[in-house]
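Listed below are the residues making up each chain.
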Amino acid sequence: MTQIIDGKQISKQIKDELKDKVSKYKSEGTEISMAVIMVGNDPASAVYVNNKKKACEYIGIRSLSYELPEETTEAELLELIDKLNNDPSVNGILVQLPVPKHIDDNKIIRAISPLKDVDGFHTQNVGSLCIGEKGFVSCTPAGIIQLLKRSGIEIAGKECVVIGRSNIVGKPMALLLLQENATVTVCHSKTKDLKEVTKRADILVVAIGKPKMITSEYVKDGAVVIDVGIHRNENNQLCGDVDYDDVYEKCSYITPVPGGVGPMTIAMLMNNCVESVALQMSE
Ligand code: NAD
C-alpha cells in the first residue's frame, strides 16, 4: 500500500516547534527578525514573498519588507544588503530570486553575510555543507531530509538517485544524502540511460523542471519517490516532475504536488532564521 508523504502536515509540525522556540527566545528578551527583499513585481515572486511573510507572522518572527522598484540598480541593492548586514537587530536576509536581468544574482548572494544567509546559497555555506561544518543549508533539500526522517524512512545505506544538479536543489540534496550515509548518484541532462540509473534507486529525488517526465518505467518497485517539481498543467492545475498517477502504485512512499516538498521549503527557511540566532551568538 503506497503511503503519501504529507508535507503540509510535517511542515506544520516543524512550524509549531519553531513557534515554541521563538516564544522561548522572546521570554529571554531576544526577538528574531528577517529582512525580505523583492526587486520588481514578478507575480510568482510576490506570492512566494507573501507566503514567507505569513509564515514569519505565524511563528512570531518579525519580517521587514523591502519591495524595491524594477529599476533598482545593483549598487542600490548592494548598499541595502550592506546596511542590513551591519544591523544587529536583523538576523536573516533573503533576496527573492530571480532579480531583474541587470542585476548579477551571484554578486547579490555573495554580498549577504554568510551568518545571515538564511537561504543557504552563499558559497561559504555551500562549502560548510560540503565538509560537514555548521552553516545554513538550502531550504528545499533540507526540507526533503526532514520529510524522509519524519516519515520514518531510513536513509543510511540506501541507493539514492537525485535527478538534477542545480545549485539550490540537486547538488545540496546529494551532499545531504551523503551526510546521512546513503550511496548517492546524481543524474542530469547529459546522463546516458537515465532509466537504468533511476531504476536502481531506493530513494529517488526528482528535480528536473519538466512536467510529469518521470513515469513508472523510471521507478523501482517499492521505491520512495520525492517530487520537487512545480508546474501548472494545461488546466491550470499544479503538477510535479513525476507522473503521479502512473508512478503511485509502484512506489512505497510518494510526495504529492501540491502538498509535498513545497510547504517544506518555507518551514526550513523559518528554521534557518531561528537557527541564525545561535549561529550569530557563537561568533
Ligand atoms: P534547474 O532548471 O536549475 O535544474 C534542472 C536540472 O535538471 C538540471 O541540473 C538539468 O541537468 C536536469 N535535467 C534537465 N533535463 C533533464 C533530463 N531530460 N534528464 C535528466 N536531467 C535533466 O531547476 P531547479 O531549480 O533545480 O528546480 C527543479 C524543479 O523544482 C523546478 O520545477 C522548480 O520549479 C522546482 N523547485 C521547487 C521548489 C519547491 O519548493 N518545491 C524549490 C526549488 C525548485
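Since we're looking at a predicted model, the values are computed, not measured.

Asks: Summarise the nonpolar core; cite the residues concerned and give the values.
Replies: Judged by nonpolar contacts, the single largest core of 53 residues is most densely connected at Met-34, Ile-61, Leu-148, Leu-177, Val-205 and Met-270. In terms of residues, this core owes the most to one element, helix 10 (residues 262-281), which gives 10 residues. Judged by nonpolar contacts, the second largest core, of 17 residues, contains Val-161, Cys-187, Ala-223 and Cys-251.

Asks: Talk me through the pairing of strand 2 (residues 33-39); I want residue IDs and the actual numbers.
Replies: Across a regular strand the side chains alternate sides, sitting on one face of the sheet and then on the other. Most of strand 2 is tucked away, with seven of its seven residues classed as buried. Side-chain alternation along strand 2 places Ser-33, Ala-35, Ile-37 and Val-39 on one buried face and Met-34, Val-36 and Met-38 on a second face that is also buried. Looking at chain direction, strand 2 and strand 3 (residues 62-68) are connected through seven bridges and run parallel. Note on strand 3: the bridge partner recorded for Val-36 is Ser-65. Handedness of the crossover is the feature at issue here: the chain leaves strand 2, passes through helix 2 (residues 43-59), returns alongside strand 3, and the resulting connection is right-handed. Looking at chain direction, strand 2 and strand 4 (residues 92-95) are connected through four bridges and run parallel. The partner of Val-36 across the bridge, within strand 4, is Leu-94.

Asks: Mind laying out the sheet that holds strand 4, listing which residues take part and the relevant values?
Replies: With parallel pairing, the three strands of this open sheet are ordered in space as 3-2-4. Sheet topology places strand 3 and strand 4 at the edges, where each strand pairs with a single neighbour. Averaged over all neighbouring strand pairs, the angle between strand axes comes to 15 degrees, with direction disregarded. This element, helix 2, spans strand 2, strand 3 and strand 4 of the sheet and lies at about 170 degrees to strand 2. Contacts from helix 3 (residues 74-85) reach strand 2, strand 3 and strand 4, with the element oriented near 180 degrees to strand 2.

Asks: How would you explain the environment of Asn-106 if you had to name every residue and give the values?
Replies: With respect to the secondary-structure elements, Asn-106 resides in helix 4 (residues 105-111). Residue class for Asn-106 comes out partly exposed when judged on its relative accessible area of 45%. Distance in space between the C-alpha atoms of Asn-106 and Ser-23 is 35 Å, their sequence separation being 83 residues.

Asks: An account of the site of the ligand is needed here, citing residue identities and associated values.
Replies: As a matter of local geometry, the ligand sits amid 22 residues, with Arg-165, Ser-166, Ser-189, Lys-210 and Thr-265 nearest to it. At 3.4 Å from a nitrogen atom of the ligand is found a main-chain nitrogen or oxygen belonging to His-188. Between an oxygen atom of the ligand and a main-chain N or O atom of Val-228, the distance comes to 3.4 Å. Here the ligand loses 72% of its free accessible area of 850 Å² to cover by the protein chains. When each cavity is represented as a set of grid points, the ligand is found to reside in the largest pocket. Taken together, the residues of the shell around the ligand sort by class into 10 nonpolar, 10 polar and two charged.

Asks: Outline the layout of surface pockets, listing residues and values.
Replies: Size it by volume and the largest pocket reaches roughly 1,500 Å³. Around the largest pocket, the lining is made up of 49 residues, and of these Tyr-48, Thr-140, Ile-230, Gly-262 and Thr-265 lie nearest the centre. Elements supplying a minimum of two residues to the lining of the largest pocket: helix 1 (7-27), helix 2, strand 4, helix 6 (139-150), strand 9 (231-232) and helix 10. The leading source of residues in the lining of the largest pocket is helix 2, at nine residues. For the second largest pocket, the calculated volume is near 530 Å³. In this structure, the second largest pocket is lined by 21 residues; those nearest its centre are Gly-135, Val-137, Asn-271, Asn-272 and Glu-275. It is helix 10 that contributes the most residues to the lining of the second largest pocket, six residues altogether.

Reading the values: the criteria
Residues numbered from 1 in each chain as written. Predicted model: local features only at pLDDT ≥ 70, side-chain atom pairs only at ≥ 80, totals over all residues. Heavy atoms only, no water. Core = buried A, V, L, I, M, F, W, Y, C linked by side-chain atoms within 4.5 Å. Buried < 20%, exposed > 50% of the residue type's maximum accessible area, 1.4 Å probe, protein only. Helix = DSSP H or I, 4+ residues; strand = E, 2+ residues; numbered from the N terminus. Pairing = 2+ DSSP bridges. Right-handed = clockwise from strand over helix to strand, strands pointing away. Axes fitted to C-alpha atoms, helices over the stretch in contact; angles between N-to-C directions. Contact = heavy atoms within 4.5 Å. Near = heavy atom within 4 Å. Polar contact = N/O pair within 3.5 Å; in protein donor to acceptor, adjacent residues only side chain to side chain. Areas by Shrake-Rupley, 256 points an atom, 1.4 Å probe, with all protein chains shown as cover. 1 Å grid on protein atoms, 1.4 Å probe; cavity = no way out; pocket = protein on both sides within 12 Å on 5 of 7 lines; lining within 4 Å. Sits in = over half its atoms within 2 Å of the grid points. Nonpolar A, V, L, I, M, F, W, Y, C, P; charged D, E, K, R; others polar. Points joined across faces, edges and corners; volume = space filled by probe spheres on them.

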